[in-house]
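Observations on the three-dimensional arrangement
Read off the chains here:
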Amino acid sequence: MKTGKKRFLLSSLGGLACGVANGLLGAGGGMVAVPMLQKSGLSEVKSHATSVAVILPLCLLSAVFYLLRGDVTLGDALPYLPWMVGGSLIGSWLLPKCKGIWLRRGFGLLLLWAAVRMLF
């Protein structure tokens, strides 16, 4: 298979997997997006940043569906939003300052923690 077609197929399948994971798990699409983006040749920092940019519209779309179905209300989410915005600001400020090895380790620990929580 030609490189362009292979890359298109991998990005299409990876994008589909990100969307499904995000819809099922909240923002879980990043767990698929970051490794996929790294495999496509992006650096660790750029992969994490691109993942956030890709996941944002997916999260908004999922949130709209959840709101329309009545699974959540804005009142349910409101107490968490200021803290999450603050955390996002801190994280986006820290990301370019982090070495790739620490991003990989931190991401790996986050995945392990999520896996343990899901299993028990």
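The following paragraphs examine the structure supplied in this document. Predicted model, so just to flag it, every value in this text is computed and none were measured.

Topic: the overall build of the protein chain
Counting its secondary structure elements, the protein chain contains six helices and zero strands. Written out in order from the N terminus, the α and β elements of the protein chain read α-α-α-α-α-α. Projected onto its principal axes, the C-alpha coordinates of the protein chain cover approximately 50 × 35 × 30 Å. Contacts in the protein chain between residues at least 24 apart in sequence constitute 54% of all its contacts with a sequence separation of at least 6. In the structure as shown, the protein chain presents an accessible area of about 9,000 Å², 75% of it carried by carbon and sulfur atoms.

Details of the packing of helix α2 (residues 29-39) against helix α3 (residues 44-69)
Between α2 and α3, the least distance of the axes is 9 Å, while the angle of their chain directions is 135°. Comparing their axes, α3 and α2 come out oblique. For the pair α2 and α3, the crossing hand works out as right-handed. Contact with α2, carried on its side by Gly 29, Gly 30, Ala 33, Val 34, Leu 37 and Gln 38, involves Glu 44, Ser 47, His 48, Thr 50, Ser 51 and Ile 55 of α3 and no other residues of that element. Looking at the contact of α2 with α3 residue by residue, the classes come out as four nonpolar, seven polar and one charged.

A closer look at the environment of Ala 114
If you trace the backbone, Ala 114 turns up in helix α6 (residues 100-119). As a C-alpha pair, Ala 114 and Leu 95 span 19 residues in sequence and 21 Å in three-dimensional space.

Overview of the packing of α2 against α6
In the contact formed by α2 and α6, the axes pass within 11 Å of each other and the chain directions differ by 145°. α2 and α6 meet at a crossing whose hand is left-handed. Between α2 and α6, the residues in contact are Gly 30, Met 31, Val 34, Pro 35 and Gln 38 and Arg 104, Phe 107, Leu 111 and Ala 114, respectively. Tallied by class, the residues present in the contact of α2 with α6 amount to six nonpolar, two polar and one charged.

A word on the pattern of salt bridges
Considering all chains together, one arrives at two salt bridges under this definition. Here Arg 104 and Glu 44 are joined by a salt bridge, their closest N and O atoms 2.1 Å apart. Of the two residues, Arg 104 is situated in helix α6 and Glu 44 in helix α3; the sequence distance between them amounts to 60 residues. Measuring nitrogen to oxygen at the nearest pair gives 2.7 Å for the salt bridge that ties Asp 71 to Arg 69.

Section: α6
Its 20 residues give α6 an end-to-end C-alpha distance of 28 Å, which sits within 8% of 28 Å, the value for a rise of 1.5 Å per residue. Inspection of α6 places Gly 100, Leu 103, Phe 107 and Ala 114 among the buried residues, and these make up the whole buried set. One side of α6 carries all its buried residues, which in axial view fall inside an arc of 60°. The exposed residues of α6 that point more than 90 degrees off its buried face are Trp 102, Leu 109, Leu 112, Trp 113 and Leu 119. Buried residues along α6 sit against α2 and α3.

A short note on the side chain of Ser 47
Its location among the elements puts Ser 47 in helix α3. The class of Ser 47 is buried, set by a relative accessible area of 0%.

So, how was this worked out
- Residues numbered from 1 in each chain as written.
- Predicted model: local features only at pLDDT ≥ 70, side-chain atom pairs only at ≥ 80, totals over all residues.
- Heavy atoms only, no water.
- Helix = DSSP H or I, 4+ residues; strand = E, 2+ residues; numbered from the N terminus.
- Contact = heavy atoms within 4.5 Å.
- Areas by Shrake-Rupley, 256 points an atom, 1.4 Å probe, with all protein chains shown as cover.
- Axes fitted to C-alpha atoms, helices over the stretch in contact; angles between N-to-C directions.
- Parallel < 35°, antiparallel > 145°, perpendicular 65-115°, else oblique.
- Left-handed = near helix turned anticlockwise from the far one by under 90°.
- Nonpolar A, V, L, I, M, F, W, Y, C, P; charged D, E, K, R; others polar.
- Salt bridge = Lys/Arg side-chain N within 4 Å of Asp/Glu carboxyl O.
- Expected span 1.5 Å × (residues − 1).
- Buried < 20%, exposed > 50% of the residue type's maximum accessible area, 1.4 Å probe, protein only.
- Arc of directions from axis to C-beta.

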